[in-house]
Amino acid sequence: MGLTAAGVCTMVTGGSGAGADMAAWLPLPSAAVTAFLLLVFPRVSQAQTFSLPFQEPETCGHNQYFDISALSCVSCGANQRQDNRGTSCVCLPGFQVISNNGGPDIICKKCPENMKGVTRDGWNCISCPSGLTAEGKCHCPTGHILVERDVNGTLLSQATCKLCDENENSFTVANALGDRCVRCEPTFINTSRSCACSEPNILTGGLCFSSTGNFPPHMISTARYGELGASFTSEWFAKYLQSSAAACWLYANLTSCQALGNMCVMNMNSYDSATFDACRLFQFIFENTAGLRTVHSVSFWRQNLPWLFYGDQLGLAPQVLSTTPLPTNFSFKDQNQNTKLKFVAASYDVRGNFLKWQTLEGGILQLCPDTETRLNAAYSFGTTYQQNCEIPLSKILADFPTPVFYDVYLEYTNENQHQYIWAVPVLNLNLQHNKIFVNQDDSASKWLLTRRIFLVDALSGRENDLASQPRLLRVATQISLSIHLVPNTKNGNIYPPLITIAYNDIDVKDPNSQSVKVSFSVEYEMNQGEAHVQTDTVMKFLVYYAGDLANVFFIITVGTGLYWLIFFKAQKSVSVLLPRPAQEERFVTYVGCAFALKSKEDETLLLILSSWPGEGGVRSATVPVSIWRTYFVANEWNEIQTVRKINPLFQVLTVLFLLEVVGFKNLALMDSSSSLSRSPSSYIAPYSRILRYAVSSALWLVIGIIQIVFFAVFYERFIEDKIRQFVDLCCMSNISVFLLSHKCFGYYIHGRSVHGHADTNMEEMNMNLKREAESLCSQRGLVPNTDGQTFQIAISSQMRQHYDRIHETLTRKNGPARLLSSSASTFEQSIKAYHTMNKFLGSFIDHVHKEMDYFIKDKLLLERILGMEFMEPMEKSIFYNDESYSFSSVLYYGNEATLLIYDLLFFCVVDLAYQNFILAAFLTYLQQEIFRFVRNTVGQKNLASKTLVDQRFLI
């Protein structure tokens with residue numbers, strides 16, 4: 001496309017290469033411009049590569065410099081060499097600079113014989129009074145300064161060396177550069193009234209101290225303690241520990257006191273009463289300045305000294321951490337919403353200089369890099385925060401050449417809207433008290449709390465030279481901030497936060513290949529003792545008085561989970577905080593108990609249902625019963641064994657959809673938000689196991705109850721009711737069913753046909769149904785003129801004994817051979833037992849056996865409510881009218897609550913173990929199908945074998 005003379009864009013095609021492409025965008029008449037652009041943008045050769053040699057500044061020779069543009073070594077000009085940085089050139093000794101534009105653009109000229117020296121700035125030649133240095137500059141004796149110019153800046157023809165006046169009126173000495181006289185260090189003047197620190201005075205750390213004072217100078221230990229008790233001599237401690245302690249003690253020098261405190265912190269606040277190490281020296285000064293006032297009325301904070309310890313005795317931690325609440329409160333959803341933890345820190349450098357006040361936001365204490373939003377999420381009240389990463393040692397050494405120390409405070413506003421700060425205590429897990437790691441004890445009564453922390457110490461780990469690579473690098477690998485809610489608070493009050501910190505010593509060998517794992521976390525907790533007592537009390541009460549222990553655990557765990565879900569997420573003023581992961585263990589144990597007990601119940605139920613239909617039989621009419629009708633009823637019974645009021649697949653998929661797609665799983669995050677969605681760019685708090693359980697349970701129960709209600713109200717009424725259909729089938733087949741779920745208790749389905757027999761053709765069956773619909777025949781009930789076909793039965797012991805005697809014939813077929821009849825086969829014994837049992841049960845229903853008779857009655861209201869019978873079947877058996885078809889209790893249909901809770905617990909246990917709703921849903925559906933397969937397989941086996949062989953089931 002090109003621009004015509006009239007400004008119209010015109011497409012031009014053809015040509016190749018960069019030049020042709022550029023020309024394609026030109027005004028068509030402008031050939032001259034085309035030629036110009038081809039000169040400015042030459043064609044790129046298709047064979048050209050973009051590879052270049054890799055060079056580093058360290059590989060350049062002494063007469064080369066590293067070109068920061070070409071990224072390669074370039075030779076310096078004549079009479080030049082590489083400068084100290086290696087990125088430009090300087091003149092050789094004896095040569096002055098004529099011009100210098102950086103890099104190789106420098107011109108050097110040799111100095112004349114009578115002025116072989118070069119001025120300090122390198123631009124002029126000068127005559128030197130007493131020789132030259134290796135760099136070609138003038139040299140002066142010790143105590144003298146070099147003078148090259150007069151007071152108005154005029155260059156002298158010959159430099160002079162002036163002796164600094166050390167007399168009492170001046171007390172001056174040459175500075176480190178040797179170009180100016182400065183006043184001697186005050187400790188020299190105070191100690192010796194001169195600029196020299198001669199014996200017996202002590203020179204240490206550039207300071208001079210008298211040897212006659214009461215400060216212990218000869219017993220000082222410069223050891224640096226390691227994390228496992230090992231120690232070595234630190235060059236930093238060797239140079240500055242004694243001088244800092246002496247200046248702090250003798251002169252109350254503020255920066256020296258801070259520097260001494262920093263060295264104590266670098267030594268992990270470790271204290272040994274037998275050795276004058278950094279912390280022992282600090283403690284010595286603290287004890288011997290008791291006459292000085294305290295700072296801000298804090299007894300642990302002495303004037304001129306930093307606040308390092310909460311006392312020197314163990315056992316004060318509980319008083320510090322859980323006695324006085326902060327005079328402020330936090331709220332999630334109130335008008336005076338307060339959800340921000342405003343931590344600030346007073347920062348100091350290693351020499352004791354105060355740097356500044358700074359907020360902890362922006363990742364001041366977080367070594368792991370992240371976005372500012374995610375970093376600051378750590379200080380959002382109520383948000384459990386976790387951050388982990390692995391950082392190269394080379395980056396740590398580059399970012400932290402010297403340690404920075406922090407005294408952390410929590411800023412708050414009291415009820416009068418005045419701003420205050422509260423000191424945040426520190427639990428240093430590496431602290432040694434008399435060579436014991438007291439802070440690693442589980443009991444807070446043995447802790448020794450401290451104040452000051454640092455993140456990285458690459459300084460005290462240097463052994464012989466402070467400019468060398470450290471032998472050991474000390475890194476704060478674990479930092480945890482704990483917020484403890486005041487018990488029974490209604491206004492969101494908290495106790496002072498606690499910083500728990502752990503350091504690791506890394507043996508530095510190859511920083512480019514080494515790395516260290518670090519973590520930062522914020523945890524919220526409250527005293528769960530009262531909740532545990534209440535929960536345990538309720539648990540014990542229900543254990544003694546509940547009939548189903550699994551349901552007891554289930555009720556408690558679901559109730560507890562919903563309590564935390566509702567009251568934590570919906571609270572306005574903060575009164576509860578989620579349990580920490582360690583505090584959830586008891587809750588998880590209860591869930592495990594519920595699942596274990598429910599699994600046992602489900603296993604027992606499966607075994608009972610698999611031995612269909614318990615102990616009982618089928619009574620036919622007096623006319624011969626076709627075996628096909630028996631098989632048909634048995635097959636239908638087998639099919640309704642696994643009929644449920646809910647659709648398991650729909651249940652699993654719906655719950656999974658609500659959790660993963662709709663976003664209900666976000667309610668389980670350990671933060672105060674009740675939103676179902678989260679922004680990908682925002683910090684995602686970790687999941688609470690209690691909340692995951694609560695959300696999963698609530699959704700599972702709601703979906704299950706909705707299905708059950710739909711099944712009972714709509715499906716069974718308007719589509720099909722398989723339980724009632726089975727009763728109708730028994731009547732049409734002229735088959736009655738005995739179900740003995742217990743020794744003397746069970747169910748009876750009266751299936752005697754009102755038409756006398758059931759082996760008819762289609763025309764006769766249709767006629768029979770028509771007559772029954774027009775009430776032209778008797779009713780189906782066991783009692784004349786009633787429709788009651790289902791009963792709960794409590795049989796007498798005499799009837800049970802007679803039943804067992806008949807049934808014994810069937811069990812003998814698997815017993816010893818001597819007990820079996822030699823004249824009849826096993827099959828013939830089964831056929832005989834079949835007819836005997838059939839005849840006995842038929843006669844029992846027809847009241848033939850007066851000694852084993854029965855009567856029919858309704859259950860009392862209280863009996864129905866309690867699910868038990870008050871009357872014992874002593875002489876006669878009792879048939880209770882059962883219009884609710886309660887024989888379904890030996891089917892899946894009648895145990896829907898048990899199966900629903902078991903599936904729920906299975907889902908939740910898998911999720912608690914793997915924190916994965918998708919995996920939990922898949923395994924839950926898988927176990928449902930496995931149970932269904934096992935039940936159907938066993939049912940088919942019973943249908944094929946026990947129907948004919950073990951006729952205690954179908955007779």
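Quick caveat, the model's predicted, so the values are computed rather than measured.

Rules of the game
- Residues numbered from 1 in each chain as written.
- Predicted model: local features only at pLDDT ≥ 70, side-chain atom pairs only at ≥ 80, totals over all residues.
- Heavy atoms only, no water.
- Helix = DSSP H or I, 4+ residues; strand = E, 2+ residues; numbered from the N terminus.
- Buried < 20%, exposed > 50% of the residue type's maximum accessible area, 1.4 Å probe, protein only.
- Contact = heavy atoms within 4.5 Å.
- Areas by Shrake-Rupley, 256 points an atom, 1.4 Å probe, with all protein chains shown as cover.
- 1 Å grid on protein atoms, 1.4 Å probe; cavity = no way out; pocket = protein on both sides within 12 Å on 5 of 7 lines; lining within 4 Å.
- Points joined across faces, edges and corners; volume = space filled by probe spheres on them.
- Pairing = 2+ DSSP bridges.
- Salt bridge = Lys/Arg side-chain N within 4 Å of Asp/Glu carboxyl O.
- UniProt positions renumbered as here; feature names shortened; annotations may be inferred.
- Axes fitted to C-alpha atoms, helices over the stretch in contact; angles between N-to-C directions.
- Parallel < 35°, antiparallel > 145°, perpendicular 65-115°, else oblique.
- Left-handed = near helix turned anticlockwise from the far one by under 90°.
- Nonpolar A, V, L, I, M, F, W, Y, C, P; charged D, E, K, R; others polar.
- Expected span 1.5 Å × (residues − 1).
- Core = buried A, V, L, I, M, F, W, Y, C linked by side-chain atoms within 4.5 Å.
- Phe/Tyr/Trp six-rings, centres within 6.5 Å; stacked < 30°, edge-to-face > 60°.
- Lys NZ or Arg CZ within 6 Å of the ring centre and 35° of its normal.
- Polar contact = N/O pair within 3.5 Å; in protein donor to acceptor, adjacent residues only side chain to side chain.

## Observations regarding the overall build of the chain
Then step 1. Scanning the chain from N- to C-terminus turns up 22 helices and 37 strands.
Then step 2. Here the chain holds 955 residues, and 47% of them are scored as buried.
Then step 3. Once local pairs closer than 6 in sequence are excluded, the contacts in the chain between residues at least 24 apart make up 63%.
Then step 4. In the structure as shown, the chain presents an accessible area of about 47,900 Å², 56% of it carried by carbon and sulfur atoms.

## Concerning empty space enclosed by the protein
Then step 1. Summed over all chains, the structure comprises eight cavities of 30 Å³ or more.
Then step 2. In this structure, the largest cavity encloses a volume near 120 Å³.
Then step 3. Forming the walls of the largest cavity are D602, R644, P648, Y892, L899, Y902, D903, Q927, Q928, E929, F931 and R932.
Then step 4. Taken together, the elements giving at least two residues each to the lining of the largest cavity come down to helix 21 (896-914) and helix 22 (917-946).
Then step 5. Tallying contributions element by element places helix 22 first for the lining of the largest cavity, with five residues.

## Concerning the pairing of strand 20 (residues 298-302)
Then step 1. Inspection of the sheet shows strand 19 (residues 294-295) paired to strand 20 by two bridges, in the antiparallel sense. Across the sheet, the residue bridging to T294 is R302, located in strand 20.
Then step 2. Taking the residues between adjacent antiparallel strands as the criterion, strand 19 and strand 20 are bridged by two residues, where H296 takes a positive phi near 55°.

## Overview of the pattern of salt bridges
Then step 1. Within the structure shown, the criterion is met by 21 salt bridges.
Then step 2. The salt bridge partner of K665 is E660, with a shortest N-O separation of 2.9 Å.
Then step 3. Residue classification places K665 among the partly exposed residues on the basis of a relative accessible area of 22%.
Then step 4. When its relative accessible area of 28% is taken as the criterion, E660 is described as partly exposed.
Then step 5. Where D671 meets R678, a salt bridge forms, and the shortest distance between an N and an O atom there is 3.1 Å. Across the pair, R678 and D671 agree in class, each one buried.

## Focus: unusual backbone geometry
Keep in mind that most residues, glycine aside, have a negative phi and that most peptide bonds are trans.
Then step 1. If you check the backbone angles, N488 has positive phi at about 60° while not being a glycine.
Then step 2. Tracing the chain through its elements places N488 in the loop between strand 29 (472-485) and strand 30 (498-507).
Then step 3. Accessibility expressed as a relative area gives 60% for N488, which makes it exposed.
Then step 4. Backbone geometry places Y885, a non-glycine residue, at a positive phi of 55°.
Then step 5. Structurally, Y885 can be placed in the loop between strand 37 (877-881) and helix 21.

## Considerations on the UniProt feature "transmembrane region" (unreviewed entry) in the chain
Then step 1. According to UniProt, the positions carrying the feature "transmembrane region" (unreviewed entry) are residues 542-566, 649-670, 690-714 and 899-926.
Then step 2. The span residues 649-670 is 64% helix and 0% strand, and its two end C-alpha atoms sit 30 Å from each other.
Then step 3. With 93% helix and 0% strand, the stretch residues 899-926 has end C-alpha atoms that lie 14 Å from each other.

## Some details on the packing of helix 5 (residues 254-266) against helix 6 (residues 278-287)
Then step 1. For the pair helix 5 and helix 6, interaxial distance at closest approach is 8 Å and the crossing angle is 135°. Put simply, helix 5 runs oblique to helix 6. Two packed elements cross with a definite hand, and for helix 5 against helix 6 that hand is left-handed. Contacts between helix 5 and helix 6 involve L260, G261, M263 and C264 from the former and A278, C279, L281, F282 and I285 from the latter.
Then step 2. In the contact of helix 5 with helix 6, the residues fall into eight nonpolar, one polar and no charged.

## A short note on helix 5
Then step 1. The end-to-end C-alpha separation of helix 5 is 18 Å, in line with the 18 Å expected for 13 residues at 1.5 Å each.
Then step 2. Among the 13 residues that make up helix 5, 11 are buried, leaving the element largely enclosed by the rest of the structure.
Then step 3. Immediately downstream of helix 5, the backbone of M268 shows phi near 65°, a positive value.

## Structural notes on the nonpolar core
Then step 1. Counting residues in hydrophobic clusters, the biggest one holds 126 residues, and the most contacted among them are L341, F343, F381, V408 and F907.
Then step 2. Looking at this core, the element that brings in the most residues is helix 21, giving 10 residues.

## Some remarks on the packing of aromatic side chains
Each aromatic ring pair is specified by the distance between its two centres and by the angle formed by the two planes.
Then step 1. Taken as a whole and assessed by the stated rule, the structure comprises 45 aromatic pairs.
Then step 2. Summarising the aromatic geometry, the rings of Y563 and W564 are spaced 5.1 Å apart at their centres and angled 70° between planes, so their arrangement reads as edge-to-face.
Then step 3. Cluster of aromatic residues (ring-pair linked, three or more members): F738, Y748, F791, F844, Y854 and F879.
Then step 4. A cation over a ring is seen here: R451 above W307, with NZ or CZ 5.0 Å from the ring centre.
Then step 5. Stacked on the ring of Y409, the Lys or Arg R451 has its end atom at 4.6 Å from the ring centre.

## Focus on the packing of helix 15 (residues 689-718) against helix 21
Then step 1. Across the interface, helix 15 lies against helix 21 with an axial gap of 10 Å and an inter-helix angle of 150°. Comparing their axes, helix 21 and helix 15 come out roughly antiparallel. For the crossing formed where helix 15 meets helix 21, the hand is right-handed. Taking contact as the criterion, the partners of R689, R692, Y693, S696, S697, W700, L701, G704 and I708 in helix 15 are, on helix 21, E896, L900, D903, L904, L905, F907, C908, D911 and L912.

## Some thoughts on the side chain of Q928
Then step 1. Structurally, the position occupied by Q928 is in helix 22.
Then step 2. Here the side chain of Q928 touches D903 through a polar contact of 2.8 Å, side chain to side chain.
Then step 3. Once you skip the residues sitting within four places of it in the chain, Q928 turns out to touch R644, P648, V652, W700 and D903.

## Observations concerning helix 16 (residues 722-733)
Working note: α-helix, 3.6 residues per turn, so residues spaced by three or four point in the same direction.
Then step 1. Its 12 residues place the ends of helix 16 16 Å apart at the C-alpha level, agreeing with the 16 Å of an ideal helix rising 1.5 Å per residue.
Then step 2. Along helix 16, the positions that sit buried rather than exposed are I723, F726, V727, L729, C730, C731 and S733.
Then step 3. Once helix 16 ends, the next one or two residues include N734, with phi positive near 60°.

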